[in-house]
Amino acid sequence: MSDRIDLHDELGEEFPANTVEVHDDKELLADAAAERFVAVIVAAQAERGSASVSLTGGSDGIRLLEKVRQAPGDIDWSNLYVYWGDERFVPAGDPDRNELQAREALLDFVALDPAKVFPIAPSDGAYGSPEAAAAAYAQLLHTELDERGDIDLTVLGMGPEGHIDSIFPHSPAVREQTDYVVAVHDCPKPPPTRVSLTLPAVHRSRHVMLVVSGEGKAAAVAAAVNGASPDDVPSAGAVGIESTTWVIDEAAATDLLVDVDDEDE
């Protein structure tokens, strides 16, 4: 099953403005998310010659990258700019790093231009603190976005309490209104120290895609889709300039107020 709920008016047939797509299981969810990833990047490159993406970690985000590796479509990898939504502030070779997981899933297998790939600094890198690493990445983002415009696609996973990147409920990160990148301490899940983009950075995205699976996340999905405060459910604040799409499985859709099966009858 694949159902789509239109939350508001559509901007176009290919990329609806605000939608929820519901798929039978994690595999079909990942297939659909990968198809959208490729479509957005290819369309951006056709329009402007290059494209940009902000990646996420987590099981859903990495499964998506593995699917893109299997079916990369017509992406011109040499003209793709790659950023990360957040990073664990651990050494470069640590398996917890989102960068390492992304490289193992996809990036090491495609012909990217290394000069267009922008990982967040590790704890044993050029910056001695997460604050310094965050400041450096914020400056990089400002420079990049001023030069090339908004990020074409931001991919986000979500935690069971609604966190995206390392933006947790009722935290300084979710309440940040100016800075694009912040250091995050005492995260409720390990490792506790992170560097994360903020909602102002997410809002510099033409298209936002949230990829979420599992019944344990159903309450947060429903709350976000139905207009919760981002302070309570950070994913509610993840909106793109042109479109925002939730790509979820049936388990994650169980608490939505709209019954997608009834919608199709």
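Quick notes on the rules
Each chain has its residues counted from 1, running along the sequence as written. Local features in this predicted model are restricted to residues of pLDDT 70 or higher, and side-chain atom pairs are both shown and tallied only at a pLDDT of 80 or more, whereas totals for entire chains, interfaces and linings draw on every residue. As a rule here, side-chain values cover all heavy atoms of the structure and leave hydrogens and water aside. Numbering of helices and strands starts at the N terminus; helices are DSSP runs of H or I of at least 4 residues and strands are runs of E of at least 2. The cut-offs for exposure are 20% and 50% of the maximum accessible area for each residue type, with area from a 1.4 Å probe on protein chains only; residues under the lower value are buried, those over the upper are exposed, and the others partly exposed. UniProt positions are given in the numbering used here, feature names are shortened, and annotations may be inferred rather than shown by experiment. What makes two residues a contact is simply this: any of their non-hydrogen atoms within 4.5 Å. The method works on a 1 Å grid over the protein atoms by themselves. A cavity is a set of points holding a 1.4 Å probe that cannot get out, a pocket is an open set with protein on both sides within 12 Å along at least five of seven lines, and residues with an atom within 4 Å of a point line them. Grid points are joined across faces, edges and corners, and a volume is the space filled by probe spheres set on the points. Gly is placed with the polar residues, together with every amino acid not listed as nonpolar (Ala, Val, Leu, Ile, Met, Phe, Trp, Tyr, Cys and Pro) or charged (Asp, Glu, Lys and Arg). Polar contact criterion, stated in full: a pair of N or O atoms within 3.5 Å, where within protein one must be able to donate a hydrogen and the other to accept it, and residues adjacent in sequence count only if both atoms are side-chain atoms. An expected span of 1.5 Å times one less than the residue number is assigned to each helix. The directions from the helix axis to the C-beta atoms are what the arc is built from. Lines fitted to C-alpha atoms define the axes, with helix axes restricted to the stretch in contact, and inter-axis angles between N-to-C directions lie between 0 and 180 degrees. Note: crossing handedness is left-handed where the near helix turns anticlockwise from the far helix by less than a right angle, and right-handed where it turns clockwise. For this classification, under 35 degrees means roughly parallel, over 145 means roughly antiparallel, 65 to 115 means roughly perpendicular, and everything else is oblique.

Chemist: How would you summarise unusual backbone geometry if you had to cite specific residues and measurements?
Modeler: Along the chain, P190 connects to P191 via a cis peptide bond; the corresponding omega equals -10 degrees. Within the secondary structure, P191 is located in the loop between β7 (181-184) and β8 (194-197). Its identity is not glycine, yet D165 carries a phi of approximately 45 degrees, on the positive side. Looking at where D165 falls in the secondary structure, it is placed in the loop between β6 (151-156) and α5 (172-175). The backbone phi angle of D186 is positive, close to 55 degrees, even though this residue is not glycine. In this structure, D186 sits in the loop between β7 and β8. What makes D186 exposed here is its relative accessible area of 69%.

Chemist: How would you sum up the UniProt feature "domain: Glucosamine/galactosamine-6-phosphate isomerase" (unreviewed entry) in the protein? Please name residues and give values.
Modeler: Mapped onto the present numbering, the UniProt feature "domain: Glucosamine/galactosamine-6-phosphate isomerase" (unreviewed entry) falls at residues 25-246. Overall, residues 25-246 shows 36% helix and 18% strand. The separation of its end C-alpha atoms is 14 Å.

Chemist: Residues and numbers for the environment of G237, please.
Modeler: Within the element layout of this structure, G237 appears in the loop between α7 (218-225) and β10 (243-249). Through-space distance from the C-alpha of G237 to that of L199 is 6.7 Å; in sequence the pair is 38 residues apart. Other than its neighbours up to four places away in sequence, G237 contacts L199, H203 and P230.

Chemist: Could you give an account of the layout of surface pockets, with specific residues and numbers?
Modeler: A volume near 260 Å³ is recorded for the largest pocket. In terms of lining, the largest pocket is formed by 19 residues, of which the most central are G57, G58, M158, H163 and K189. Among the secondary structure elements, those contributing two or more residues to the lining of the largest pocket are α2 (58-70) and β5 (86-88). In terms of residue count, α2 provides more of the lining of the largest pocket than any other element does, 4 residues in total. The residue inventory of the lining of the largest pocket, partitioned by class, reads 2 nonpolar, 10 polar and 7 charged.

Chemist: Go over the side chain of H163 with me, naming the residues and quoting the values.
Modeler: Summarising the element assignment, H163 is placed in the loop between β6 and α5. A polar contact is formed between the side chain of H163 and the side chain of E161, at a distance of 2.7 Å.

Chemist: Describe helix α4 (residues 130-148), naming the residues involved and giving the relevant values.
Modeler: For α4, built from 19 residues, the straight-helix expectation of 27 Å at 1.5 Å per residue is met to within 8% by its first-to-last C-alpha distance of 26 Å. Every buried residue of α4 is accounted for by P130, A133, A134, Y137, A138, L141, E144 and L145. Along the axis of α4, the buried residues cluster in a sector spanning 135 degrees; they form a single face. Residues of α4 that are exposed and point over 90 degrees away from its buried face: Q139, D146 and E147. Residues of α4 that are buried sit in contact with β4 (80-84), β6, β7 and β8.

Chemist: How would you summarise the packing of helix α1 (residues 26-48) against α2 if you had to cite specific residues and measurements?
Modeler: Between α1 and α2, whose axes approach to 8 Å, the crossing angle comes to 65 degrees. When you trace α1 past α2, the crossing you get is right-handed. Between α1 and α2, the residues in contact are K26, E27, L29, A30, D31, A33, A34, F37 and V38 and D60, R63, L64, L65, K67 and V68, respectively. For the contact of α1 with α2, the per-class residue count stands at 9 nonpolar, no polar and 6 charged.

Chemist: Hey, could you go over the packing of α2 against helix α3 (residues 98-105) for me, with residue numbers and the actual values?
Modeler: Between two packed helices, what matters for the description is the angle formed by their axes and the separation of those axes. The geometry of α2 relative to α3 is characterised by a closest axis approach of 8 Å and an angle of 30 degrees between their N-to-C directions. What the angle tells us is that α2 and α3 run roughly parallel. Judged by the twist between their axes, the crossing of α2 over α3 is right-handed. Each of G58, I62, L65, E66 and R69 in α2 lies in contact with α3, whose residues at this interface are N98, Q101, A102, E104 and A105.

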